[in-house]
Amino acid sequence: MNATPLFIHIPAHAQTIFSAPEIQGRFIEADAVLLKNQLLRGLHLPDLQAFLSIGRFCPQGRFDALKKHGDILHFEPFWVAPSFGKMESELLRETQFLLWERSDGLCGILLPLCYGDTRTTLEGHPDGIALRMNGTLAGTEPERTLIAFAAIGSDPYQLIHRSLQIVAEKLGTFKLREDKTKPPFMDQLGWCTWNAFYKEVNEEGVLKGLESFQKGGLSPKFLILDDGWQDYDGYYLNDFPPDKRKFPEGLAPLIRKTKERFGIRTFGVWHAFLGYWWGLHPDKPISQKYRTLKNRVVSVFSKDGSPDTLCPIVPEDIGRFYEDFHSYLHGQGVDMLKVDNQGAFELQLDGKLGRFSTFQAYHDALQKTVSEKFANNLINCMSNVSDVAYNLHSSSGWRNSLDYYPAADAAAQQSHIHQNAMNALWSSVFAWPDWDMFQTHAPHAEFHAAARAISGGPIYVSDIPGRQNFALLRKMSLSDGTVRLCDRPALPARDSIFRDCWNEPHLLKIHNKSGALGVIGVFHCCRNADLLHGDFSPSDIPDMDGERFAVYAHNTRTLRVMGVKDREKIALHRVGFEILTVAPITDNFAAIGLADKINPAVTVLSVERLKSGWSVRLADSGTALFYAGYPCRAFMESGEELPAQFSESGLIAVSLPSGVCACSLLPLAEA
């Protein structure tokens with residue numbers, strides 16, 4: 001007989017399998033009867049105080065309208081967003097991740113799984129939480145399958161990581177981010193054509209765009225040619241080569257020009273999971289090369305609710321399709337891919353094929369060719385579904401939220417940052433979260449730039465040619481068009497995890513690290529408050545080493561010395577932010593980084609103790625900031641003295657001329 005862990009009440013007719021005693025881990029099993037009924041009701045969370053769930057937006061016509069905080073959620077099936085509550089019945093349908101806090105401060109986790117062809121999600125129910133199971137074709141239900149994993153622990157970050165580590169070992173279908181290679185393009189500043197041209201992109205526009213960057217003195221190093229370049233009719237793909245009207249010479253000559261004239265190192269192209277949105281054109285020769293599943297369903301593009309004919313390739317042929325398509329792209333000189341519209345695949349199958357196994361066939365084929373031909377340079381997009389998450393075995397780039405919409409109001413911009421921060425609690429264990437492109441010339445650009453700069457994910461923009469804000473671009477990148485990123489994905493601080501910072505008057509705090517330095521981002525994401533007050537502490541970064549810290553504020557350009565448990569107050573207006581660099585003080589000295597960067601911490605490459613001072617290497621030239629408990633003089637490696645300003649707070653500003661990226665600092669008495 002299986003004992004039920006005390007932290008979660010599981011109905012007697014479900015079985016549990018014990019795993020990982022340090023977190024009281026349990027896999028929950030369902031039998032054929034439950035699978036046929038598709039619902040397991042009656043799970044309870046004793047001592048529930050608050051919960052965070054991450055779940056799918058609801059596609060039109062598929063689920064009942066959901067009401068939360070006075071808003072009707074009506075979105076697409078490819079994205080997830082956080083929701084918050086204090087009662088089990090508040091849990092939204094299609095939840096894919098549940099983290100809760102108990103009255104004693106411990107946290108619990110419940111992960112619905114994809115196993116075999118069964119995909120499980122969570123939802124609130126009058127008698128507790130229900131697990132809904134689907135994906136297996138009627139009449140093919142297995143005798144038994146795993147449907148969820150539950151565990152408990154005192155540290156929510158460690159609990160999430162350890163739980164998904166156990167799930168990965170059990171399922172064998174995915175790997176954690178730490179066990180995969182970071183996409184190589186991520187150390188380069190990027191430009192994507194989408195918000196600049198939308199589907200009207202062409203060769204002339206791409207080249208003019210790159211020329212405008214070059215004239216501004218800062219050129220991106222990776223480029224994504226987004227939707228609009230392909231040969232398509234409506235939503236169908238006609239063939240592999242591009243639209244001849246837009247790209248008369250083809251891709252290869254364009255790619256050569258971008259690399260030779262403008263220094264592009266990584267040229268990427270967009271395509272949909274099926275090649276194009278609805279798959280292969282049924283009346284073109286390409287559809288004769290690969291078997292397709294013609295399916296009449298209501299797609300996400302349906303304007304009046306009537307069905308459309310979608311033509312996904314059968315799983316037995318998808319490997320050959322990707323091999324042919326990606327061989328063509330690789331031969332043209334393409335270096336990376338952005339593969340879109342993955343989450344809508346469930347609608348395209350619509351009961352004709354087993355769900356998870358078909359996702360698996362597609363992703364196995366996709367990741368195989370991306371690994372072989374594009375060095376794992378891939379952004380999985382419109383793909384925040386568990387079917388994708390539990391299939392990411394080599395791919396490690398994952399769009400983390402709904403699109404950035406430059407014309408949307410301030411509340412939407414706040415929501416975008418809040419969604420990305422909270423979603424990362426789940427997504428960052430699988431991959432490097434991509435917080436999406438943004439425009440440096442659009443409203444609230446600095447708000448977005450600050451979030452990207454500390455996110456740990458790729459930094460790329462979708463600026464309209466000639467309208468770039470080069471001052472802001474330089475704050476996020478180095479002079480050679482590369483970027484320095486934090487060591488890991490950014491996560492919400494412990495006291496932000498169970499707070500709905502978009503609807504409630506609380507500041508959102510995000511933390512990250514770069515080497516020994518820490519970073520805290522404070523963001524005003526509340527859509528219905530003008531001025532918010534909060535606080536911050538070095539202890540907001542859970543693994544920060546040290547006892548005393550030099551804490552530098554990017555916007556106010558102020559420095560304070562704080563103990564590890566000290567807290568300082570902060571106030572921000574709507575859509576405001578502050579980035580705090582937290583530098584451990586050793587022997588009364590700390591290196592902070594370059595003052596003209598939003599995230600100075602990432603610019604500190606090394607700090608070496610000298611006999612009577614310090615030697616510091618930075619990622620670029622500019623004004624370098626340091627803390628010292630005594631006045632110092634600064635010198636180049638050649639021995640030439642550098643201009644340095646010392647303030648009463650201990651902040652030292654050293655001017656590094658162009659090409660100089662290192663200096664030594666000596667106490668005034670020793671110099």
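Below is a summary of the structure that appears in this document. Quantities reported herein were computed from a predicted structural model and do not represent experimental measurements.

### Some remarks on the environment of Gly216
Right, so step 1: Within the secondary structure, Gly216 sits in helix 4 (residues 203–216).
Right, so step 2: Along the sequence, Gly216 and Ala375 sit 159 residues apart, while their C-alpha atoms lie 31 Å from each other.
Right, so step 3: Ignoring any residue separated from it by four or fewer positions in sequence, one finds Gly216 in contact with Phe470 and Arg474.

### Some words on the pattern of salt bridges
Right, so step 1: Under the defined criterion, the tally for this structure stands at 38 salt bridges.
Right, so step 2: In this structure, Glu123 and Arg93 form a salt bridge, with 3.5 Å as the shortest nitrogen-oxygen distance. One end of the pair, Glu123, is in strand 11 (residues 118–125); the other, Arg93, is in the loop between strand 7 (80–85) and strand 8 (95–102), and 30 residues separate them in sequence.
Right, so step 3: Taking relative accessible area as the criterion, Arg93 reaches 25% and is therefore assigned partly exposed.
Right, so step 4: Note that Lys284 is salt-bridged to Asp233, the shortest N-O span being 3.9 Å.

### Examining the sheet that holds strand 41 (residues 651–656)
Right, so step 1: Here 4 strands make up an open sheet; going across it, the order is 34-37-41-40 and the pairing antiparallel. A strand with exactly one partner marks an edge of an open sheet, and here the two such strands are strand 34 (589–594) and strand 40 (644–646). Taking each pair of neighbouring strands and ignoring which way they run, the sheet shows an average axis angle of 20°.
Right, so step 2: Bridge count between strand 37 (residues 622–628) and strand 41: 6 bridges; the pairing is antiparallel. In the strand pairing of strand 41, Thr623 is matched with Ser655.

### Quick look at helix 2 (residues 156–171)
Right, so step 1: Look at helix 2: 22 Å from first C-alpha to last across 16 residues, which is about the 22 Å you get at 1.5 Å a residue.
Right, so step 2: The backbone nitrogen of Tyr157 has a side-chain oxygen 2.9 Å away, supplied by the residue at the start of helix 2, namely Asp155.
Right, so step 3: Trailing helix 2 by a residue or two, Gly172 shows a phi angle of about 70°, which is positive.

### Considerations on empty space enclosed by the protein
Right, so step 1: For the coordinates displayed, the defined rule picks out 3 cavities of 30 Å³ or more.
Right, so step 2: There is about 100 Å³ of room inside the largest cavity.
Right, so step 3: For the lining of the largest cavity, the class distribution of residues is 6 nonpolar, 3 polar and 3 charged.
Right, so step 4: There is about 60 Å³ of room inside the second largest cavity.
Right, so step 5: Grouping the amino acids of the lining of the second largest cavity by side-chain chemistry returns 2 nonpolar, 5 polar and 1 charged.

### Some remarks on the environment of Gly354
Right, so step 1: As for its position among the elements, Gly354 is in the loop between helix 8 (345–349) and helix 9 (355–374).
Right, so step 2: Excluding residues within four positions of it along the chain, Gly354 makes contact with Asp117, Gly135, Leu137 and Leu349.

### A word on helix 4
At 3.6 residues per turn, the α-helix brings residues three or four places apart onto the same side.
Right, so step 1: Its 14 residues give helix 4 an end-to-end C-alpha distance of 20 Å, which sits within 8% of 20 Å, the value for a rise of 1.5 Å per residue.
Right, so step 2: Every buried residue belonging to helix 4 is among Glu203, Gly205, Val206, Leu207, Gly209, Leu210, Ser212, Phe213 and Gly216, and all of these are buried.
Right, so step 3: Residues of helix 4 that are buried sit in contact with strand 14 (190–192), helix 3 (194–197), strand 15 (222–225), helix 5 (251–262), strand 25 (460–461) and helix 13 (470–476).
Right, so step 4: N-cap assignment for helix 4: the residue whose side-chain oxygen lies 3.3 Å from the backbone N of Glu204 is Asn202.
Right, so step 5: Just beyond helix 4, the residue with positive phi is Gly217, at close to 90°.

### Notes on the nonpolar core
Right, so step 1: Of all hydrophobic cores here, the largest spans 186 residues; its most connected members are Tyr390, Phe523 and Phe626.
Right, so step 2: Ignoring any residue separated from it by four or fewer positions in sequence, one finds Phe626 in contact with Phe589, Ala590, Ala591, Ile592, Val616, Leu618, Gly650, Leu651, Ile652, Val654, Cys663 and Leu665.
Right, so step 3: Formed by 25 residues, the second largest nonpolar core is a distinct cluster that contains Phe7, Ile8, Leu34 and Leu91.

### Here we look at the side chain of Ser428
Right, so step 1: Assignment of secondary structure puts Ser428 in helix 11 (residues 410–430).
Right, so step 2: A residue is classified by how much of its surface remains accessible, and Ser428, at 6% relative accessible area, is buried.
Right, so step 3: Once you skip the residues sitting within four places of it in the chain, Ser428 turns out to touch Arg177, Pro433, Pro489 and Leu491.

### Section: the packing of aromatic side chains
Right, so step 1: Taken as a whole, this structure holds 36 aromatic pairs when the rule is applied.
Right, so step 2: Considering the side-chain rings of Trp398 and Trp426, the 5.3 Å spacing of their centres and the 55° angle between planes classify their relative orientation as tilted. Taken together, the residues Trp398 in strand 23 (residues 397–399) and Trp426 in helix 11 connect sequence positions 28 residues apart.
Right, so step 3: When its relative accessible area of 1% is taken as the criterion, Trp398 is described as buried.
Right, so step 4: Directly above the ring of Phe27 sits Lys170, whose terminal nitrogen or CZ lies 5.9 Å from the centroid.
Right, so step 5: Here the basic side chain of Arg527 rests over the ring of Trp502, its NZ or CZ set 4.1 Å away from the ring centre.

### As for the pairing of strand 11
Each regular strand carries side chains that alternate between the two faces of the sheet.
Right, so step 1: The element strand 11 is largely enclosed, with a buried count of 7 among its 8 residues.
Right, so step 2: Where strand 10 (residues 114–115) and strand 11 come together, 2 bridges link them in antiparallel fashion. Bridging across to strand 11, Cys114 finds its partner in Arg119.
Right, so step 3: Counted between consecutive antiparallel strands, the loop separating strand 10 from strand 11 contains 2 residues, among which Gly116 sits at a positive phi close to 65°.
Right, so step 4: The pairing of strand 11 with strand 12 (residues 128–134) spans 7 bridges and is antiparallel. Paired with His125 across the two strands is Gly128, which belongs to strand 12.
Right, so step 5: Connecting strand 11 to the next strand, strand 12, in antiparallel fashion are 2 residues.

Criteria and thresholds
- Residues numbered from 1 in each chain as written.
- Predicted model: local features only at pLDDT ≥ 70, side-chain atom pairs only at ≥ 80, totals over all residues.
- Heavy atoms only, no water.
- Helix = DSSP H or I, 4+ residues; strand = E, 2+ residues; numbered from the N terminus.
- Contact = heavy atoms within 4.5 Å.
- Salt bridge = Lys/Arg side-chain N within 4 Å of Asp/Glu carboxyl O.
- Buried < 20%, exposed > 50% of the residue type's maximum accessible area, 1.4 Å probe, protein only.
- Pairing = 2+ DSSP bridges.
- Axes fitted to C-alpha atoms, helices over the stretch in contact; angles between N-to-C directions.
- Expected span 1.5 Å × (residues − 1).
- Polar contact = N/O pair within 3.5 Å; in protein donor to acceptor, adjacent residues only side chain to side chain.
- 1 Å grid on protein atoms, 1.4 Å probe; cavity = no way out; pocket = protein on both sides within 12 Å on 5 of 7 lines; lining within 4 Å.
- Points joined across faces, edges and corners; volume = space filled by probe spheres on them.
- Nonpolar A, V, L, I, M, F, W, Y, C, P; charged D, E, K, R; others polar.
- Core = buried A, V, L, I, M, F, W, Y, C linked by side-chain atoms within 4.5 Å.
- Phe/Tyr/Trp six-rings, centres within 6.5 Å; stacked < 30°, edge-to-face > 60°.
- Lys NZ or Arg CZ within 6 Å of the ring centre and 35° of its normal.

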